[in-house]
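Structure assessment
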Amino acid sequence: MTASAPSHSATRVVAIDCFSNAQVRPGEFLLACGDGNNRLTDIHWSHWGPSSAMGTALDNVNDCQPYCAAGKFHSYPVIVRLDRPEASRSHADVQRFTRIQLVYTDGMPALTGRVMTQQLWD
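All residue numbers refer to positions counted from 1 along the written sequence of the respective chain. Only residues with pLDDT of 70 or above have their local features reported here, since the model is predicted, and side-chain atom pairs are shown and tallied only from 80 upward, although totals for entire chains, interfaces and linings are computed over all residues. Based on all heavy atoms of the structure, the side-chain values leave hydrogens and waters out of the count.

Structural notes on the layout of surface pockets
Take a probe with the size of a water molecule and roll it over the atoms, and the empty space left behind shows itself. Basically, it comes down to this: Only protein atoms enter the calculation, which uses a 1 Å grid: trapped sets of points that fit a 1.4 Å probe without letting it out are cavities, open sets showing protein on both sides within 12 Å along at least five of seven lines are pockets, and any residue with an atom within 4 Å of a point is a lining residue. Grid points are joined across faces, edges and corners, and a volume is the space filled by probe spheres set on the points. Runs of E in the DSSP output that reach at least two residues are strands. Runs of H or I that reach at least four are helices, and both are numbered from the N terminus. For this classification, the nonpolar set comprises Ala, Val, Leu, Ile, Met, Phe, Trp, Tyr, Cys and Pro, the charged set comprises Asp, Glu, Lys and Arg, and every other residue, Gly included, is treated as polar.
The calculated volume of the largest pocket comes to roughly 200 Å³. Around the largest pocket, the lining is made up of 13 residues, and of these V61, N62, P109, A110 and T112 lie nearest the centre. Elements represented by at least two residues in the lining of the largest pocket include exactly β5 (52-62) and β6 (73-87). Within the lining of the largest pocket, the residues separate by chemical class into 7 nonpolar, 5 polar and 1 charged.

So this is what it looks like as structure tokens:
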């Protein structure tokens, strides 16, 4: 019996941030690429697998009152879920999560529902 070579078909599953960095289990993640007014911090991943990832974080959101440059950031605890992996166009041999879902567990930003879902970039 001979030993098999490691499989090269296994690909990493990553989250790609605003700066096109492919990250596994990031501790922070910028959600508002244009203005930086929404960022996940203090992320603790309980699961990171080939089809989804789950964790908890703080969603730091600028209230933009009376306008964004003068606004204040507020932190809201959330459950984070990443899913729907697809092949990355910008990183060879990498699958990227294409969707993020936040579930607010204690308060939420104005004009935001308890559950927020958005597509992720590549």
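Here we look at the pattern of salt bridges
Oppositely charged side chains can form a pair if their charged atoms are brought close together. The following threshold applies: Counted as salt bridges are all cases of a side-chain nitrogen of Lys or Arg within 4 Å of a carboxyl oxygen of Asp or Glu. Categorising residues by exposure relies on relative accessible area from a 1.4 Å probe, with only protein chains included: less than 20% of the type maximum marks a residue as buried, more than 50% marks it as exposed, and the intermediate range marks it as partly exposed.
Following the criterion strictly, the structure yields 4 salt bridges and no others. Between R81 and D83 there is a salt bridge, with its nearest N and O atoms 3.3 Å apart. Of the residues examined, R81 reaches a relative accessible area of 31% and is grouped as partly exposed. Residue classification places D83 among the buried positions, given a relative accessible area of 7%. What emerges from the salt-bridge pattern is a single network uniting R81, D83 and R99.

Things to note about the pairing of strand β1 (residues 12-16)
Successive residues of a regular strand alternate their side chains across the two faces of the sheet. Which entries qualify depends on this criterion: Paired strands are those between which DSSP finds at least two bridges.
Of all 5 residues making up β1, 4 are buried, and the element is well covered by its neighbours. Across 3 bridges, β1 lies against strand β7 (residues 94-104) in parallel orientation. By the bridge assignment, R12 is partnered in β7 with V94. Bridge count between β1 and strand β2 (residues 22-23): 2 bridges; the pairing is antiparallel.

Side note on the side chain of N37
Condition: When checking whether two residues touch, look at their non-hydrogen atoms; a contact exists if any pair is within 4.5 Å.
Tracing the chain through its elements places N37 in the loop between β3 (29-30) and β4 (38-48). Once residues lying within four places of it in the same chain are set aside, the contact partners of N37 are A32, N60, V61, N62, C64, C68 and F73.

Description of the environment of S46
Looking at where S46 falls in the secondary structure, it is placed in strand β4. Along the chain, S46 and T56 lie 10 residues apart, while their C-alpha atoms are 8.0 Å from each other.

Considering the state of the cysteines
Note the threshold: Cysteine sulfurs are considered disulfide-paired once they come within 2.5 Å of each other.
Inspection of every chain in the model, using the stated rule, returns 2 disulfides. Bridging C18 to C33, the disulfide has an S-S length of 1.8 Å. Across the S-S bond linking C18 and C33, the dihedral sits near -85 degrees, which makes this disulfide left-handed. Of the two residues, C18 is situated in the loop between β1 and β2 and C33 in the loop between β3 and β4; the sequence distance between them amounts to 15 residues. Linked covalently through their sulfurs, C64 and C68 form a disulfide whose S-S length is 1.9 Å. Taking the sign of the S-S torsion, 95 degrees for the link of C64 and C68, the bridge is right-handed.

These figures capture arrangement, not role.
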